[in-house]
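The lines below spell out each chain.
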Amino acid sequence: MNSSSTQFATSGRMGIYEPIHHQVSMWENTFKADFIPNTSASTIGLVDSRSENTSYESIGPMGNNQEENKMSEKVQRRLAQNREAARKSRLRKKAYVQQLETCRLKLTQLEQELERYRQQGVYAGGALNTGHIGFSIPLNSGIAAFEMEYGHWVEEQQRQNCELRKVLQAHISDIELRLLVETGLNHYSNLFRIKADAARADIFYLMSGTWRTPVERFFLWLGGLRPSELLNIIRPQLEPLTDQQVQAVGKLQQSSQQAEDALTQGMDRLKEILAQSITNHYNDAGNYSSQMASAMEKLRALESFVSQADHLRQQTLHQTSRILTIRQAARGLLALGEYFQRLRAINSLWAPRPHEPA
């Protein structure tokens, strides 16, 4: 790996080095110069529309009326589908608001109980876990909100997977398919947004992956999937690829691996520095408080690592979509969504399995 991919800049605020941002920036710029969105579909669309206009003129008024009726029926069906989707969205939003209000009331009750336990002397020596006290709802309201939002995100992803599967079999136009692809990419962007909120609320909760199933946690890297693995998952569904696409995907995967290595090495170094900060108090007991404060400051770097990892995942998705045709991108999004569905399905089969006697 190039030395540039593992460089770190000194941080005056934390006293440790942070993961470089220019690794990802260099990686993004490489593809911005090499690839631009495929415009052949729009060009073909212009030629087709001109030829259709010519044919309509030759058919006459009756042909035009029939064609207009067909288009009108199609538009009406699409509008009806949009209205139904909007209705369901309003119902989901209403249920979500009700869940938030219920959660808020439970959190208030739990906080009151925790305060009562502390006053009664139950909380001693850390015996009571302030994160969870035997209830399914965490005390951290930011994490509670994230868990509900992530649950809705998973439901929406399943719905989008079903829609993509249907339209790919129906061979709809590239324009309609492009809208679905953009919706899918925006859906992943929304996941990265709510993960950033959760990281600010509790970075260890996010990195531990307790919001995912145990099987999904087995594949976690800095709170999510490795970007290079993402390409391995979707690539079999993209065939056939042109020579230029093969070269571009390979280059993207190599750059992703270099950025992953840089972040991994940074995390390893942070662990070493943090361990040193914690153990140094044995030699300087009088400076214990300042050393603990320094260790706490260093832990804040974790949020930056996870943020950069999610940025790398997001950019890998968008760069891949620019390399592919619109139908390849749709197949790739479907393959990625089905991959996560299968991991959750494996977990549901694994958890209740019969255990052999010891």
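The rules behind these values
- Residues numbered from 1 in each chain as written.
- Predicted model: local features only at pLDDT ≥ 70, side-chain atom pairs only at ≥ 80, totals over all residues.
- Heavy atoms only, no water.
- Axes fitted to C-alpha atoms, helices over the stretch in contact; angles between N-to-C directions.
- Helix = DSSP H or I, 4+ residues; strand = E, 2+ residues; numbered from the N terminus.
- Parallel < 35°, antiparallel > 145°, perpendicular 65-115°, else oblique.
- Left-handed = near helix turned anticlockwise from the far one by under 90°.
- Contact = heavy atoms within 4.5 Å.
- Nonpolar A, V, L, I, M, F, W, Y, C, P; charged D, E, K, R; others polar.
- Core = buried A, V, L, I, M, F, W, Y, C linked by side-chain atoms within 4.5 Å.
- Buried < 20%, exposed > 50% of the residue type's maximum accessible area, 1.4 Å probe, protein only.
- 1 Å grid on protein atoms, 1.4 Å probe; cavity = no way out; pocket = protein on both sides within 12 Å on 5 of 7 lines; lining within 4 Å.
- Points joined across faces, edges and corners; volume = space filled by probe spheres on them.

1. Considering the packing of helix 4 (residues 141-170) against helix 12 (residues 326-350)
Contact geometry for helix 4 and helix 12: axes closest at 9 Å, N-to-C directions at 130°. Taken as axis vectors, helix 4 and helix 12 run oblique relative to one another. Considering only the axes of helix 4 and helix 12, their crossing is left-handed. Contacts between helix 4 and helix 12 involve Tyr150, Val154, Gln157, Gln158, Asn161, Leu164, Arg165 and Leu168 on the former and, on the latter, Arg327, Ala330, Arg331, Leu333, Leu334, Gly337, Glu338, Phe340, Gln341 and Arg344. Residues of the contact of helix 4 with helix 12, tallied by class, amount to 8 nonpolar, 5 polar and 5 charged.

2. A word on the nonpolar core
Counting 56 residues, the largest nonpolar core has Phe146, Tyr188 and Leu336 as the members making the most contacts within it. The set of elements that each furnish at least two residues to this core consists of helix 4, helix 5 (174-201), helix 6 (203-208), helix 8 (227-234), helix 9 (243-279), helix 11 (301-323) and helix 12. Broken down by element, this core gets its largest block of residues, 10 residues, from helix 5. Beyond its immediate sequence surroundings of up to four residues, leucine 336 is in contact with Tyr188, Leu225, Leu230, Ile234 and Leu317. Membership of the second largest hydrophobic core comes to 5 residues, among which are Cys103, Leu107, Ala144 and Met148.

3. Observations concerning empty space enclosed by the protein
Once rolled over the atoms, a probe with the size of a water molecule shows which space is left empty. Summed over the entire model, instances satisfying the criterion amount to 4 cavities of 30 Å³ or more. The computed volume of the largest cavity comes to approximately 140 Å³. Mapped by element, the contributors of at least two residues to the lining of the largest cavity are helix 4, helix 5, helix 11 and helix 12. Ranked by residues supplied to the lining of the largest cavity, first place goes to helix 5 with 4 residues. Its residues placed into classes, the lining of the largest cavity shows 10 nonpolar, 1 polar and 4 charged. By volume, the second largest cavity is sized at about 100 Å³. What lines the second largest cavity is simply Val181, Leu185, Ile234, Leu317, Thr320, Ser321, Leu324, Ala329, Gly332, Leu333 and Leu336. Elements represented by at least two residues in the lining of the second largest cavity include exactly helix 5, helix 11 and helix 12. With 4 residues, helix 12 is the single largest residue contributor to the lining of the second largest cavity.

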